Amino acid sequence: MRQACTVTVDPHLLDDLEWRGLIAHSTDLDALREALVAGSVRFYVGFDPTAPSLHMGNLLQILTARRLQLAGHTPYPLVGGATGMIGDPRDSGERTLNTLDTVKDWVDRVRRQIEPFVSFEGSNAAVMVNNYDWTASLSTIDFLRDIGKHFPVNRMLARDVVRSRLEDGISYTEFSYILLQSMDFLTLYRDHGVTLQFGGSDQWGNLTGGVELIRRADGGKAHAFATPLITKSDGTKYGKTAGDALWLDAEMTSPYAFHQFWLNVEDAKVGELLRVFTFLPREEIETLEMQTAEQPFLRAGQKALADEVTTLVHGAVETAQAKAAAAALFGTGDLAEVGGGTLAAALREAGAVTAPLGTPYVDLLVATGLVKSKGDARRTIAEGGAYLNNERVTDPEFVPDGSHLVGDSWLVLRRGKRNFAGVEIG
RNA sequence: GGCAGAUUGCCCGAGCGGCCAAUGGGAGCGGACUGUAAAUCCGUCGACUUAUGUCUCCGAAGGUUCGAAUCCUUCAUCUGCCA
């Protein structure tokens, strides 16, 4: 057997996953439980390079992989060099294909983002794989004979995603995606003894496709489970609208913005998010949930959540800086009383630009990116949503002068309640 | 290949020669309330400008007209039916 016997596995892993609500669907749960207790299970979870960075939804999978590894199992994180070329079908319609160069670049970036979350050492060291390696050279004939033969089209057509697309159309390319992902599982099963795959609940069809392929092709037994889709309490996705996706890349979503995102999570979701996105133990999470219910204004749950997740993704140093920045900007005290160094750091964290003294306030708003045009800036002022140094600005012609500087050379701009940006005069 | 229909601002969707920067809904943004929450209410939502002005815009390019998102031609893409 290829199972590593030197690793001790945590027998309570599945209970913990269930308590955290991480198992939305699964194949035979008892069989999975048995396997997870018997020894180190080799498992895989795939990430398609659909953007230059992974996002919040992917983080859930990465952390789940980490949980499994910490419990003694062996991760095979997969980057979709091949599947990323094809595109998973989605309800919103046919995807635009990316070029090979783009996909390759994104594959590298995605791989580097996953690496810090798993360990590549020890007897259950992670093994990074790329499905391009066994897919690129595959011949069409082999693919159709060895893989395609096991997929009844009537069943493929019955899948929800496919059915919803039949009206508007779906290309053969996207229709075939499930074959590629299923083949990945089969390949990893054959070559590496991987017997478990998990993914988001939208991947359920693809997950079971692989399990079934292993059964049909090799008569093998494999497992799969799907993690839940995390939505806001009104049922909509987080970061669904363009622009405000929560990226793991610090260049795309600053650690400050990342920390703020978690801090602003709605009360009703804090418990769920703590269970899913942090490694805090059960008792601690239950205490935080209780505090959130009884004294919601303290936002103890949100604070713990923001600190934990930001530390996981960006490290303790960045987290401390994000917190310090928030404390300086949202603090009740006078901005002038915040130390110059602290203020400067806070503003750089929140976003800062430089401009000469005498620049009209409207232009400063545009320069910081708080508004997207001068018209937008004037509108915001008219709506009463524009502030300088925490005081509302009502005059659209306002031009800050030397008397407005705080922390030596800074102007603190704010739009609405919580969007800050700094301007360094120089 | 033939015939028919579609393509509207971030999304969905009205408009079918002037009153259209373009109804309505959603998302977003701001205000009030509060806790950097949810719900609710109000406002806002192309750009420049801040004027009762200019520019860009209704798949793309041409054309008809005093005037086009609206009519015509060609092209592109999608859908359906027939080969």
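To keep things clear, this report deals only with the structure shown in the data block. (Residues numbered from 1 in each chain as written. Chains lettered and ligands numbered in written order. Predicted model: local features only at pLDDT ≥ 70, side-chain atom pairs only at ≥ 80, totals over all residues. Heavy atoms only, no water.)

1. Details of the sheet that holds strand β3 (residues 74-79)
Part 1 of the argument: Strand order in the open sheet formed by six strands is β1-β6-β5-β2-β3-β4, and the pairing between neighbours is mixed. On the outer flanks of this sheet lie β1 (25-26) and β4 (129-130), each paired with one strand and no other.
Part 2 of the argument: Relative to β3, strand β2 (residues 42-47) runs parallel, the two being bridged by six bridges. Each bridged residue has a counterpart across the sheet, and for R42 the counterpart in β3 is T74.
Part 3 of the argument: Seen against the sheet, helix α5 (residues 100-114) touches β2, β3 and β4 and runs at an angle of roughly 155° to β3.
Part 4 of the argument: Sitting on the sheet, helix α11 (residues 177-192) is in contact with β2, β3, β4, β5 (196-200) and β6 (223-227), with an inclination near 150° to β2. (Pairing = 2+ DSSP bridges. Helix = DSSP H or I, 4+ residues; strand = E, 2+ residues; numbered from the N terminus. Contact = heavy atoms within 4.5 Å. Axes fitted to C-alpha atoms, helices over the stretch in contact; angles between N-to-C directions.)

2. A closer look at the sheet that holds strand β9 (residues 391-392)
Part 1 of the argument: Here we have five strands laid out as an open sheet, ordered β7-β11-β10-β8-β9, and mixed in their pairing. Each edge of the sheet is formed by a strand with only one pairing partner; in this case those strands are β7 (352-355) and β9.
Part 2 of the argument: By the bridge criterion, three bridges tie strand β8 (residues 386-388) to strand β10 (residues 410-415) in an arrangement that is antiparallel. Its bridge partner lying in β10, A386 is registered against R415.
Part 3 of the argument: Here helix α17 (residues 340-350) sits on the sheet and contacts β7, β10 and β11 (419-425); the angle it forms with β10, its principal contact strand, is near 40°.

3. What to know about empty space enclosed by the protein
Part 1 of the argument: By the definition in use, this model includes one cavity of 30 Å³ or more.
Part 2 of the argument: Quantified by volume, the largest cavity comes out at close to 30 Å³.
Part 3 of the argument: Lining the largest cavity are D10, P11, L13, L14, R33, L36 and V37.
Part 4 of the argument: Looking at the lining of the largest cavity, the element that brings in the most residues is helix α2 (residues 29-38), giving three residues.
Part 5 of the argument: Residues belonging to the lining of the largest cavity are distributed by class as follows: five nonpolar, no polar and two charged. (1 Å grid on protein atoms, 1.4 Å probe; cavity = no way out; pocket = protein on both sides within 12 Å on 5 of 7 lines; lining within 4 Å. Points joined across faces, edges and corners; volume = space filled by probe spheres on them. Nonpolar A, V, L, I, M, F, W, Y, C, P; charged D, E, K, R; others polar.)

4. Let's talk about the side chain of N389
Part 1 of the argument: Examined against the element boundaries, N389 turns out to sit in the loop between β8 and β9.
Part 2 of the argument: A distance of 2.8 Å separates a polar side-chain atom of N389 from the backbone oxygen of H404.
Part 3 of the argument: Setting aside residues no more than four positions away along its own chain, N389 makes contact with L335, H404, V406, L411 and V412. (Polar contact = N/O pair within 3.5 Å; in protein donor to acceptor, adjacent residues only side chain to side chain.)

5. Examining unusual backbone geometry
Part 1 of the argument: Not every positive phi belongs to a glycine, and N389 is a case in point at roughly 50°.
Part 2 of the argument: With phi around 80°, D408 is a residue other than glycine that occupies positive phi space.
Part 3 of the argument: One can find D408 in the loop between β9 and β10.

6. What about the environment of G84?
Part 1 of the argument: Structurally, G84 can be placed in helix α4 (residues 83-86).
Part 2 of the argument: Residue G84 is classed as buried on the basis of its relative accessible area of 11%.
Part 3 of the argument: In the structure, G84 is positioned 31 residues away from E115 in sequence and 19 Å away in space, judged by C-alpha atoms.
Part 4 of the argument: G84 has contacts with D48, P49 and V103, leaving out every residue within four places of it along the chain. (Buried < 20%, exposed > 50% of the residue type's maximum accessible area, 1.4 Å probe, protein only.)

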